[in-house]
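# Chain and residue survey
Here's the letter readout for the chains.
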Amino acid sequence: MMGKQLKWGIAGVGMIAHDFLTAMASLPAEQHKVVAIAGKDLDRVHRLATLHNVSTAYEGYDSIASDPNVDIVFVSVLNLQHFEIAKLMLENGKHVLCEKPMGMTYKQTKSLVDLARERKLFLLEGMWSRFFPAYDALDKHIASGGLGDIYQINIQFGVEINDIERNLMKDLGGGAVLDLGIYMLQLLQFVYKEPPTDIMCTGHLSKTGVDESVSCALKYKDGRTATIAAHTRSAMPNKAEITGTKGTILLDYFWCPTVLHISAANSTEWSLPKGKYKFHFHNSAGLSYEIQECWNCINQGLLESPKMSLDESVILSKLSDTMRAQLGVLDSAF
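As the structure is a computational prediction, the values presented were derived from the model and not from experiment. (Residues numbered from 1 in each chain as written. Predicted model: local features only at pLDDT ≥ 70, side-chain atom pairs only at ≥ 80, totals over all residues. Heavy atoms only, no water.)

### Concerning the nonpolar core
In plain terms, the rule: We define the nonpolar core as a collection of buried residues of types Ala, Val, Leu, Ile, Met, Phe, Trp, Tyr and Cys that are connected through side-chain atoms lying within 4.5 Å of one another. Burial classes follow relative accessibility: with a 1.4 Å probe on protein chains only, a residue under 20% of its type's maximum area counts as buried, one over 50% as exposed, and anything between as partly exposed. A run of H or I in DSSP becomes a helix once it reaches four residues, and a run of E becomes a strand once it reaches two; helices and strands are each numbered from the N terminus. Contacts between residues were defined by any pair of non-hydrogen atoms, one from each residue, lying within 4.5 Å.
One finds Trp8, Ile37, Leu187 and Phe254 to be the most contacted residues of the largest nonpolar core, which totals 76 residues. In terms of residue count, helix α8 (residues 176–192) provides more of this core than any other element does, twelve residues in total. Contacts of Ile37, omitting those with residues within four sequence positions, involve Ile10, Gly12, Val13, Leu21, Val45, Leu48, Ala49, Val54, Thr56, Ala57, Tyr58 and Ile64. Listed in part, the 29 residues of the second largest apolar core include Ala11, Val35, Ile64 and Leu123.

Right, dumping it as structure tokens:
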């Protein structure tokens, strides 16, 4: 497949950045090359750059934004900084793949979308779930009428985090909605193809005022409903159940699935590429799917991905705002 090599810059040196670089190494080198890494702590930038054979290490983000060798920047800084760093990159003419959530609020997300459209630059919120082959197969199965009419979706997402991490969530811009809820919302959008007409949420806030759990009932047009629950105090089965008039599909690890169980007799499994280094997060090798999507889109002259459009990111940010408002998470950005 011919096409121009994408020259990547990485903004941020956390665990996701390591997994992202490890996943990228499984893709064709003539399509992807990381030319620079930037971060606030130069020692950490150097460590990551050395491990992954990246020649340029920058302290801070201005230099990578103005580096003429960089075509596209993967923004993997803390949630709270996604907006300002993504904005800086777009203002400097870079394409951007931004870790989710792209903005902390609807207002931030919408302004990034408007900026990218105005500058005619590619922008993608890194909703990596959308690019897994299992999602393509699920979409085809639903579109072909395999589940009949879908009336209910149940999703649980629980990850036990300790009190130290929980106390840090406020400073990191984390919380049950923005860290976990957004994955559940994107799957509801993926299946129902439109936002709910009504949403009712409740949950608990931590001492610092961050949402540590959330349970929601959602109502959609045409008799459809959904229930979603996210928790940071206990692990959950982390499955999605999609129920239609012709049966139910269970999606294990619904945010990064490698298996699609359509029935006892019909299940498909996809194997993920092996990484040269150990991954920090479950199925992180699947980040390669979203990386490849950026190459595909940019080489076709697309400024957004049909699998995760900018309008979709805007809808998800509105829903996240609604959920957090109902939980009483008061954020200065509101």
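From this point, the discussion proceeds with the structure in view.
### Concerning the UniProt feature "domain: Gfo/Idh/MocA-like oxidoreductase N-terminal" (unreviewed entry) in the protein
Formally: UniProt positions are given in the numbering used here, feature names are shortened, and annotations may be inferred rather than shown by experiment.
Residues annotated in UniProt with the feature "domain: Gfo/Idh/MocA-like oxidoreductase N-terminal" (unreviewed entry) correspond here to residues 6–123. Across residues 6–123, the secondary structure splits into 42% helix and 24% strand, with the terminal C-alpha atoms separated by 14 Å.

### Looking at the sheet that holds strand β3 (residues 56–59)
Keep this limit in mind: Strand pairing is assigned whenever DSSP detects at least two bridges linking the two strands. Each axis is a line fitted through C-alpha atoms, and for a helix only the stretch in contact is used; angles between axes span 0 to 180 degrees, taken between their N-to-C directions.
The strand order across the open sheet built from six strands is β3-β2-β1-β4-β5-β6, with neighbouring strands paired in parallel fashion. Each edge of the sheet is formed by a strand with only one pairing partner; in this case those strands are β3 and β6 (123–126). Here the average twist between neighbouring strands, direction ignored, is 20 degrees. The pairing of strand β4 (residues 72–75) with strand β5 (residues 95–99) spans four bridges and is parallel. Each bridged residue has a counterpart across the sheet, and for Val73 the counterpart in β5 is Val96.

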